[in-house]
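# Coordinate inspection notes
Listed below are the residues making up each chain.
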There are 2 protein chains.
Amino acid sequence: MSNVSMKFGDVAERYDARARVLKALAHPTRLFIVDRLSEREHCVGELTEAIGADTSTVSKHLSVLKSAGIVSDEKRGLTVNYSLRVPCVLNFFGCVEAVLQANADEQMRALRCGTGE
Amino acid sequence: MSNVSMKFGDVAERYDARARVLKALAHPTRLFIVDRLSEREHCVGELTEAIGADTSTVSKHLSVLKSAGIVSDEKRGLTVNYSLRVPCVLNFFGCVEAVLQANADEQMRALRCGTGE
DNA sequence: TGGCTATTTGGCATTATAGCCAATTACTTG
DNA sequence: CAAGTAATTGGCTATAATGCCAAATAGCCA
């Protein structure tokens, strides 16, 4: 566990892999998709309708999430149905909201007490 | 709370804000930085040494994290010391590892049982 | 003040993402 | 098999992110 002078080069692959997962989540549309899938599975058409973009765009977002292992797909009849494969990603929202709240608080404080930055 | 046919357009700003936070995290070097800062605060020079990139590069990564509200900085003497502002981001690592593990399992299963994809 | 160290900023080339349209594939049903 | 619906893929342009170097800033100490 000795972290003394730990070098990035020695562990870069691990952080690369982690970053790939987070990068897949780091897009407004894809976060919206994850949120929808947390309720129930959806086919591409349903998501496309809710998002209001081209079907191909939504399909590509889904493929990004799938490649990262965040969602899984199952073809049934005419539709392809996507579902959340690793529900723990939903925990992210709580922390992200906490960050946003902290930012909002800070901003408020800066305004009240004279210019911050 | 009715999610019936929720439209992305109506809530896009919220997802934009969330995505900005996740995007700040979605880079191997920045994840490494967050991990280092989870132990204790570090100045830019220490992080630069561990990362092995140009100082300016590391400084810019820190500025990305700071803009997102994930880290805070404090200048003391010659150095600028960064620390984790919202420690709950560390919880992300656990879930991300779970995703990676699930991916690895899947891959293993595919290899054993004949080609998956 | 002048020099020194630590950090940030500006600028630029390289690469990666996003999103649209058009074309293609996959499946179902008449 | 033909036609129709659902989804994916290829291609392209526009925009954003990375990372280096060089230059600018900021604080400390002779």
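Rules behind the numbers
- Residues numbered from 1 in each chain as written.
- Chains lettered and ligands numbered in written order.
- Predicted model: local features only at pLDDT ≥ 70, side-chain atom pairs only at ≥ 80, totals over all residues.
- Heavy atoms only, no water.
- Phe/Tyr/Trp six-rings, centres within 6.5 Å; stacked < 30°, edge-to-face > 60°.
- Helix = DSSP H or I, 4+ residues; strand = E, 2+ residues; numbered from the N terminus.
- Buried < 20%, exposed > 50% of the residue type's maximum accessible area, 1.4 Å probe, protein only.
- Disulfide = S-S within 2.5 Å.
- Contact = heavy atoms within 4.5 Å.
- Buried area = accessible area lost by both parts, 1.4 Å probe.
- Salt bridge = Lys/Arg side-chain N within 4 Å of Asp/Glu carboxyl O.
- Polar contact = N/O pair within 3.5 Å; in protein donor to acceptor, adjacent residues only side chain to side chain.
- Nonpolar A, V, L, I, M, F, W, Y, C, P; charged D, E, K, R; others polar.
- Pairing = 2+ DSSP bridges.
- Axes fitted to C-alpha atoms, helices over the stretch in contact; angles between N-to-C directions.

A separate point is the packing of aromatic side chains. Applying the stated rule across the entire model yields 7 aromatic pairs over all chains. Taken together, a centroid distance of 5.1 Å and an interplanar angle of 65 degrees make the contact between F32 of chain A and F8 of chain B edge-to-face. With one member in each of two chains, F32 of chain A in helix α2 (residues 28-39) and F8 of chain B in helix α1 (residues 8-25) form a pair that bridges those chains. Per residue, the accessibility class of F32 of chain A equals that of F8 of chain B, and both read buried.

A separate point is the state of the cysteines. Per the counting criterion, the structure on display carries 2 disulfides over all chains. Across the disulfide, C88 of chain A is cross-linked to C95 of chain B (sulfur-sulfur distance 2.2 Å). In this structure the cystine formed by C88 of chain A and C95 of chain B twists about its S-S bond by roughly 80 degrees; its chirality is therefore right-handed. Here C88 of chain A, found in the loop between β3 (79-84) and α5 (90-112), pairs with C95 of chain B, found in helix α5 (residues 91-112), and the two come from separate chains. Judged by relative accessible area, C88 of chain A falls into the partly exposed class, the value being 21%.

So, about the interface of chain B and chain A. Size of an interface, as often reported, equals the accessible area lost when the parts are brought together. On the side of chain A, 46 residues touch chain B, which itself brings 46 residues to the contact. Summing both sides of the interface, chain B and chain A together bury roughly 4,000 Å²; the carbon and sulfur share of this comes to 68%. Joining chain B to chain A, the criterion identifies 10 salt bridges. Note that E97 of chain A and R14 of chain B form a salt bridge whose closest N and O atoms lie 3.4 Å from each other. Counting across the interface, chain B meets chain A through 17 residue pairs in polar contact (both at pLDDT 80 or more). Taken together, the elements giving at least two residues each to the side of chain B that touches chain A come down to α1, α2 (28-39), α3 (44-51) and α5 of chain B. The greatest single-element share of the side of chain B that touches chain A, amounting to 12 residues, is contributed by α1 of chain B. By residue class, the composition of the side of chain B that touches chain A is 27 nonpolar, 5 polar and 14 charged.

Residue and element names in this part refer to chain B. In spatial order, the strands read β1-β3-β2; together these 3 strands make up an open sheet with antiparallel pairing. Of all strands in the sheet, those with a lone pairing partner are β1 (42-43) and β2 (71-76), marking the two edges. Bridge analysis of β1 against strand β3 (residues 79-84) gives 2 bridges, and the strand direction is antiparallel. Its bridge partner being in β3, H42 is matched across the sheet by Y82. The sheet strands contacting α2 are β1, β2 and β3, and the helix crosses β3 at an angle near 90 degrees.

Purely geometric stuff here, so don't read any function into it on its own.
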